[in-house]
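Listed below, chain by chain, are the residues.
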Amino acid sequence: MVRPLEGIKVVEVSTWAYVPSCGAALADMGADVVKIETPAGDPIRQLTMNDIPPGTGGFTFMYEIFNRGKRSVAIDLNAEGAIDVLYRLLETADVFLTNLLPPTRRKLKIDADHLTKRFPHLIYAAGSGQGARGPDAEKGGYDAISLWSRSGLASAATPDNAPYPPPMPVGAIGDVTSGLVLAGAISAAIARRAMTGEALVVDGSLLSTGMWMMQPSIVGTQVSGTDELRMAPREQSRNPLVGTFYRTKDRRFVCINMMQSQRYWPGLCRALGRPELAEDERFGSDALRYANVTACMAELDAAFGQFTLEEVKERLATQEGQWDVVQKASDLLHDVAVNTNGYLPEVDYGDGRRIRMVAAPMQFGGEPLQPRPAPELGADSDAVLAGAGYSEEDILNLRIAGVLE
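Residues numbered from 1 in each chain as written. Predicted model: local features only at pLDDT ≥ 70, side-chain atom pairs only at ≥ 80, totals over all residues. Heavy atoms only, no water.

Q: Quick rundown of helix H13 (residues 309-316)? Include the residues and the values.
A: Since there are 3.6 residues in each turn of an α-helix, residues three or four apart along the chain are aligned in direction. Looking at H13, one finds that the buried residues are Leu309, Val312 and Leu316. Down the axis of H13, the buried set is contained in an arc of 60°. They therefore lie on one face. Where the residues of H13 are buried, they touch strand E8 (253-257), helix H10 (261-271), helix H12 (293-305) and strand E9 (323-325). (Buried < 20%, exposed > 50% of the residue type's maximum accessible area, 1.4 Å probe, protein only. Helix = DSSP H or I, 4+ residues; strand = E, 2+ residues; numbered from the N terminus. Arc of directions from axis to C-beta. Contact = heavy atoms within 4.5 Å.)

Structure (structure tokens):
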């Protein structure tokens, strides 16, 4: 298996999901990611998510997702002498990764100014809510606030006259997206350093990632003079064959997205057992289907509604237009493309526990990446410090002094 970041050492001081998810992606790509935790551990270890308490099924699944493949060192960074230990680890590190707020970083002397002067080879990477500059630079953020709400995503997803904006469709969806973006930026900085010797400071934010996702609307408002560009509700669709959902007899859904709808319309009608619709003068062109969109969608609703999902899949497979099933999360466990491409590999913890995790969504050399187990709190403290030159006596003294758990 090709792991392109093998030999890269990352020291991570971060909690919760955004920046830890970046570290997880780097670990999937082969980096040695040393996670520095407080003696109490990353608070996500204690997170109850969707009414699933910690330890369910042998896992605290949100911790496992964002910290797989890392090594854990439990250090009280506020203890006297603790920062010296961190500095020792950074002597041989390639990347320092953090989401601590700027005041805390300055207090601990692990802000960019301190570390880049002391370690000129070190790539300094930080993830924030709103960005590294401006009046909100020292303000915290979560993806529900900084990405989903502030970037315009929640507003764009809110139907007219809805009492409230909808919540994010999945917990931490903005964190995992932003973390992957930050991992890409760090990889670019690693390449830059290899080519020029220059170690960059890398900044990422939840807000900027949300804006990247929203850019068609943000840019479009400037040319249209509108407040935002939102997808029309189903009943106001401009094209019944583009981005439209249809319900099957067994109350499942398929989405059709046939951008060349004039080309695919006859084949779709035949596949659904309604070839006469292709000859219907009301639906003979894109313009006519739009002019008669309510009637066209009603015909398609009836056509889809007479078949079960399995029957619809068989029928749509006989035509060339693009479509797919609206799947539930558990459906992905059995998805042929997912399993053939190795997108959801099993992680073996070596103690009888096994769980499937989503691999970082890139492949190298034609092979999927293989996530590795997340560490127990402080499981690697001795090994990591020994690798940094500490003797057994040194490590014992650090424990006695309260620096090391």
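Q: Describe helix H1 (residues 18-28), listing the residues and the values that go with them.
A: Among the eleven residues of H1, eleven are classified as buried, and the element is accordingly described as predominantly covered. Within H1 the residues assigned to the buried category are Tyr18, Val19, Pro20, Ser21, Cys22, Gly23, Ala24, Ala25, Leu26, Ala27 and Asp28. Glycine 30, located one to two residues past H1, shows a positive phi value of around 110°.

Q: Go over unusual backbone geometry with me, naming the residues and quoting the values.
A: Of note, alanine 172 is a non-glycine position whose phi angle comes to about 70°, a positive value. Given a relative accessible area of 8%, alanine 172 falls into the buried group. Positive phi outside glycine occurs at arginine 251, with the angle close to 60°. By the secondary structure assignment, arginine 251 is in the loop between strand E7 (242-247) and E8.

Q: Lay out the sheet that holds strand E4 (residues 95-98) with the relevant residues and their values.
A: With parallel pairing, the six strands of this open sheet are ordered in space as E3-E2-E1-E4-E5-E6. Looking at strand neighbours, the two that pair on one side only are strand E3 (71-74) and strand E6 (201-205), the edges of this open sheet. Going from strand to strand, the sheet's axes swing by 20° on average, the running direction of each strand aside. Where E4 and strand E5 (residues 123-128) come together, four bridges link them in parallel fashion. Along E5, the bridge assignment pairs threonine 98 with alanine 126. Against the sheet, helix H3 (residues 82-90) makes contact with strand E1 (9-13), strand E2 (32-37) and E4, and its axis sits at roughly 155° relative to E1, the strand it touches most. (Pairing = 2+ DSSP bridges. Axes fitted to C-alpha atoms, helices over the stretch in contact; angles between N-to-C directions.)

Q: Give me the nonpolar core: which residues, what numbers.
A: Residues Ile36, Ile75, Leu90, Phe96, Ile110, Leu115 and Leu385 are the most contacted members of the largest nonpolar core, which totals 33 residues. Put simply, the parts of the chain that give this core at least two residues each are E1, E2, H3, E5, helix H15 (381-387) and helix H16 (392-400). Of the residues forming this core, the biggest block, seven residues, is contributed by H3. When near neighbours in sequence (up to four residues on either side) are disregarded, leucine 90 contacts Val11, Phe96, Leu115, Phe119, His121 and Leu122. Within the second largest apolar cluster, 31 residues are counted, among which are Val10, Ala125, Leu147 and Ala189. (Core = buried A, V, L, I, M, F, W, Y, C linked by side-chain atoms within 4.5 Å.)

Q: Tell me about the environment of glutamate 37, and please be specific about residues and values.
A: You can see glutamate 37 is positioned in strand E2. The spatial distance from the C-alpha of glutamate 37 to the C-alpha of alanine 329 is 31 Å, given a sequence separation of 292 residues. Among the polar contacts listed, one links the side chain of glutamate 37 to the side chain of serine 72, at a separation of 2.8 Å. (Polar contact = N/O pair within 3.5 Å; in protein donor to acceptor, adjacent residues only side chain to side chain.)

Q: Break down the packing of H1 against helix H8 (residues 173-196) for me, with residues and values.
A: Relative to each other, H1 and H8 sit at 55°, their axes nearing to 7 Å. Between H1 and H8, the angle falls in the class oblique. Two packed elements cross with a definite hand, and for H1 against H8 that hand is right-handed. Residues Tyr18, Val19, Ser21, Cys22, Ala25 and Leu26 of H1 lie in contact with H8, whose contacting residues are Asp175, Val176, Ser178, Gly179, Leu180, Leu182, Ala183, Ile186 and Ser187. Looking at the contact of H1 with H8, its residues break down into ten nonpolar, four polar and one charged. (Parallel < 35°, antiparallel > 145°, perpendicular 65-115°, else oblique. Left-handed = near helix turned anticlockwise from the far one by under 90°. Nonpolar A, V, L, I, M, F, W, Y, C, P; charged D, E, K, R; others polar.)

Q: So what's going on with the packing of H8 against helix H9 (residues 206-224)? Residues and values would help.
A: Across the interface, H8 lies against H9 with an axial gap of 9 Å and an inter-helix angle of 95°. Taken as axis vectors, H8 and H9 run roughly perpendicular relative to one another. Residues Gly174, Asp175, Thr177, Ser178 and Val181 of H8 lie in contact with H9, whose contacting residues are Leu206, Thr209 and Met213. Its residues assigned to classes, the contact of H8 with H9 shows three nonpolar, four polar and one charged.

Q: Describe the pattern of salt bridges, naming the residues involved and giving the relevant values.
A: For the structure on display, the rule yields 26 salt bridges. We note a salt bridge from aspartate 94 to arginine 193, for which the minimum N-O separation is 2.6 Å. Here arginine 193 lies in helix H8 and aspartate 94 lies in the loop between H3 and E4, a separation of 99 residues in the sequence. Here the two residues aspartate 94 and arginine 193 agree in accessibility, since each one is buried. For the salt bridge of lysine 313 with glutamate 310, the shortest nitrogen-to-oxygen distance reads 3.3 Å. Of this pair, lysine 313 and glutamate 310 both sit in helix H13, separated by three residues, roughly a single helical turn. For lysine 313, a relative accessible area of 30% puts it in the partly exposed group. Judged by its relative accessible area of 45%, glutamate 310 falls in the partly exposed class. (Salt bridge = Lys/Arg side-chain N within 4 Å of Asp/Glu carboxyl O.)

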